[in-house]
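# Tertiary structure, described
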There are 2 protein chains.
Amino acid sequence: MQGWGDAGLTALAAAASLGAMWDSLWINARLATMTAGTPFGLIDRGAVGLSAGRIVWLGDMVALPAAPVALARVVHDAHSKVMTPGLVDCHTHIVYVGDGLSDFEILTRGGTRADMLAAGGGILGLAMRTRRAEPERIAAESRKRVARLVAAGVTTMESKSGAGLDLETELTTMRISRQLGRELPLTVVSTYLGAHAIAPEYRDRLDDYVEFMARTVLPAAMREGLVDAVDGFCDAWGYSPQQMTRLFEAATAHGLPVKLHAEQYRDFGAAEVVARFRGLSADHLEYIGEPAIRAMAEAGTVATLLPGANWTLGETKRPPVALLRRHGVPIALATNCNPVSSPTTSPTMMMNMGCRMFGLTTEEALAAFTRVGAQALGLQASRGTIEIGKVADLALWDVEKPGELAASIADNPCLAVIKGGTVIYRASEPSFEAATHGQA
Amino acid sequence: MQGWGDAGLTALAAAASLGAMWDSLWINARLATMTAGTPFGLIDRGAVGLSAGRIVWLGDMVALPAAPVALARVVHDAHSKVMTPGLVDCHTHIVYVGDGLSDFEILTRGGTRADMLAAGGGILGLAMRTRRAEPERIAAESRKRVARLVAAGVTTMESKSGAGLDLETELTTMRISRQLGRELPLTVVSTYLGAHAIAPEYRDRLDDYVEFMARTVLPAAMREGLVDAVDGFCDAWGYSPQQMTRLFEAATAHGLPVKLHAEQYRDFGAAEVVARFRGLSADHLEYIGEPAIRAMAEAGTVATLLPGANWTLGETKRPPVALLRRHGVPIALATNCNPVSSPTTSPTMMMNMGCRMFGLTTEEALAAFTRVGAQALGLQASRGTIEIGKVADLALWDVEKPGELAASIADNPCLAVIKGGTVIYRASEPSFEAATHGQA
């Protein structure tokens, strides 16, 4: 439990020879590789060699083929701290403007999602705000949130549209997702979520809006290279299974994978739709039943659980974790960062909530933000575990056991983030100036 | 919602004349004074003048008696951000070593407090660890946590002993509490909590241990000037009302105020004991009944609610907030920072939990960490509100409405902390280095 200042990331040596095998080498790391076999895939006195942005060696330090300084141009000592795969936040609505305070205060007074909508809040309030906002302002506010995610260990993030619903705002927010991936050192997966809510222009013409998404917005986003996946809200308050099927057919025709907000408020058959398309994930799932879970298991669809929304909306029904486990459906967690139901940029708090609210183990909670999170984005071949050949996206933490990441409440113990082999972030302890009247 | 980098704390000017009235002046602040009358005591375009560590002027900017640069040696522009009183964290066990991971994992598997104790964890496990630890290590680990509290807006913190139970460790931890108050820019109130748990040496001789506390430890702590208040755990698993009465009589004889962990697991008559001594606060209170609430109201005893422990222990019973309100008992919140049941240094997350779990309003949640928190430490004359004559302990936040502090999950929007008139902390946005293989 020593601080970064005295036990952190120190480049021990630059190898004299330019012929060193690896770009960098981390030693004395408690590696939570998150591969199968042992709890957390732990290598207690581990080392990782990185070259050309990839993991090229890992194992126990005693198995290193030569002295560290002979192996790499830079050697970093992790001082027995825990190193994990860079976190993967597989469900966010992080591109938005403004705050959800009025919604929160309605919920705090015992109101519901319907009360929020009646007061002009919720997703529609957000959409009206986002349509009016300057793109530069949307980007600036969003960039701050994404920066906090990176400083919390996230190296890959999904970012959904759906805060505008109309053509221009949807394209604008997807452009901002791409822009954030260029400007900040993380990988951004952009998801088109025009079917997030019912656009006011199409209130009584949902089928027309589905056609508008399928024939106008999605092709325009494809032409600009703005979209990696398609998502929707399939519920009595949103789109029917038939409407989602139509949109997913359009997505599939473009070669895009699909995912779905499913069974958050009732068992509506949404998870079956996404499973039928062999979708990446079905998300929320408080009300999912066993047949849909079986369909997900067969389709290889991940269950992405979102404790932040369960918490903020005051939902008392929890997703059926025991059933998901029994059928072998992998469980991801995500921040679901959005102003209305999950105003957070804290993966570790979501892990804590996953344990306390949903009954996950600390190991499941960390897997949910690494290995399974990557699978929920279709990136399991390159990310989500510490394995040879994978992208060198890593996070170093001020803890000595990986389970501690989920055990504390609202702390951020991230010490450093490595993206594609490069240390792109180092935390600093807060420093204080003397208070001349401190004990006044 | 602009960042600190572009909208933060900028010293506008140094007055040419050394005859300026005030040491410093904050302008363009949304002042949440937390005084009565209006919600949050808000002054929307507020200014605060500070001199000799005290607040000497506050009001609407249009009422300033002269141009800002003529009034103070330094003028700070708050750029319409919210400024609150410095937070008061009135219940912490922040001086400890190690972590509570094994306890958390027992709880996560559905275990109880009794299971933790049976496994050698809980408070007794902590006591055994703390007794063996070097004081320097206890201080170093605790200092990191306190630094995080300061960086989260806390200017006054209570720190309890009770992690050692024996004479030497109790004195050591109280010395560390004092030391932290000297080394870090916050006010530390030191509480003797020898009656935290049953010391193993006295397992079958509780009355003897009470005498030991009253006749040996407390006088020794008084001689060294280490103690400001006395606390205990009054429960079937702890000390009886009669035993607490004996200890409180000793405290009162030393002129010390008292407080009590009360009705956390059952209605045990503990709050009545503390009310009889006109104690500062009764803390936890999940199982308190109306007669005890009435006694607290008459005694002026604060109800300190601790959502972190309610959360981590998986307690489903909530404290009776509506009854506390009806009887006019002021409600404080605190982090209860400890490794077992509330491993957190996040006041804003406790505000969020206070709203979502206990039904507090956002205004009650902020009052609970300012005005009422100060009252729970007997410091209401000098702290807890922004008022003329009070100590200039203030916090500046990256929000535009004070309710936002409670609405987000696990974010820390603190921009700056002012202690006794001096800016002792400024947050910085995380900065990143370029990832050469970021999109690999």
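Residues numbered from 1 in each chain as written. Chains lettered and ligands numbered in written order. Predicted model: local features only at pLDDT ≥ 70, side-chain atom pairs only at ≥ 80, totals over all residues. Heavy atoms only, no water.

## Some points on the sheet that holds strand S9 (residues 187-195) of chain A
Residue and element names in this part refer to chain A. The 8 strands lie next to each other as S7-S8-S9-S10-S11-S12-S13-S14, forming an open sheet whose pairing is parallel. In this open sheet, the two strands that pair with only one neighbour each are strand S7 (87-89) and strand S14 (331-333). Strand-to-strand twist of the sheet, defined as the mean angle between neighbouring strand axes without regard to direction, takes the value 25°. Examined bridge by bridge, strand S10 (residues 229-234) and strand S11 (residues 259-262) share 2 bridges and lie parallel to one another. (Pairing = 2+ DSSP bridges. Helix = DSSP H or I, 4+ residues; strand = E, 2+ residues; numbered from the N terminus. Axes fitted to C-alpha atoms, helices over the stretch in contact; angles between N-to-C directions.)

## Some words on the domain arrangement of chain A
All names here are of chain A. Here chain A is partitioned into domain 1 (5-85 + 385-432) and domain 2 (87-376). Measuring from the centre of the C-alpha atoms in domain 1 to the corresponding centre in domain 2 gives 31 Å. Across the boundary between the two partners, domain 1 contributes 29 residues, which contact 22 residues of domain 2. For the domain 1 and domain 2 pair, buried surface summed over both sides reaches about 1,900 Å², with 66% attributable to carbon and sulfur atoms. Where domain 1 meets domain 2, there are 10 residue pairs in polar contact (both at pLDDT 80 or more). When contributions to the side of domain 1 that touches domain 2 are tallied by element, the ones reaching two or more residues are strand S6 (82-85), strand S15 (394-397), helix H17 (404-407), strand S16 (414-419) and strand S17 (422-426). If one sorts the elements of the side of domain 1 that touches domain 2 by residue count, S16 sits on top with 4 residues. Of the residues that constitute the side of domain 1 that touches domain 2, the class distribution is 20 nonpolar, 6 polar and 3 charged. (Domains from an automatic or database assignment. Contact = heavy atoms within 4.5 Å. Buried area = accessible area lost by both parts, 1.4 Å probe. Polar contact = N/O pair within 3.5 Å; in protein donor to acceptor, adjacent residues only side chain to side chain. Nonpolar A, V, L, I, M, F, W, Y, C, P; charged D, E, K, R; others polar.)

## Some points on the side chain of Ser142 of chain B
Residues and elements named next belong to chain B. Note that Ser142 resides in helix H6 (residues 135-150). Looking at Ser142, its side chain comes within polar contact range of the main-chain nitrogen of Tyr96, at 3.3 Å. Dropping the residues within four chain positions of it, Ser142 is found in contact with Ile94, Val95, Tyr96 and Leu180.

## Brief notes about the relation of the copies chain B and chain A
Think of it as a corkscrew move, a rotation about one axis and a shift along it, taking one chain copy to the other. When chain B is fitted onto chain A, the two copies agree to an RMSD of 0.0 Å after a turn of 180° and an axial shift of 0.0 Å. The relationship between the two copies is best expressed as a two-fold rotation axis. Of the C-alpha atoms belonging to chain B, the one lying closest to the rotation axis is found on Ala410 of chain B, 2.3 Å away. The overlap is high: 99% of the interface residues of chain B also sit at the interface in chain A, so the same surface is used on both sides. (Least-squares fit on C-alpha atoms with pLDDT ≥ 70 in both.)

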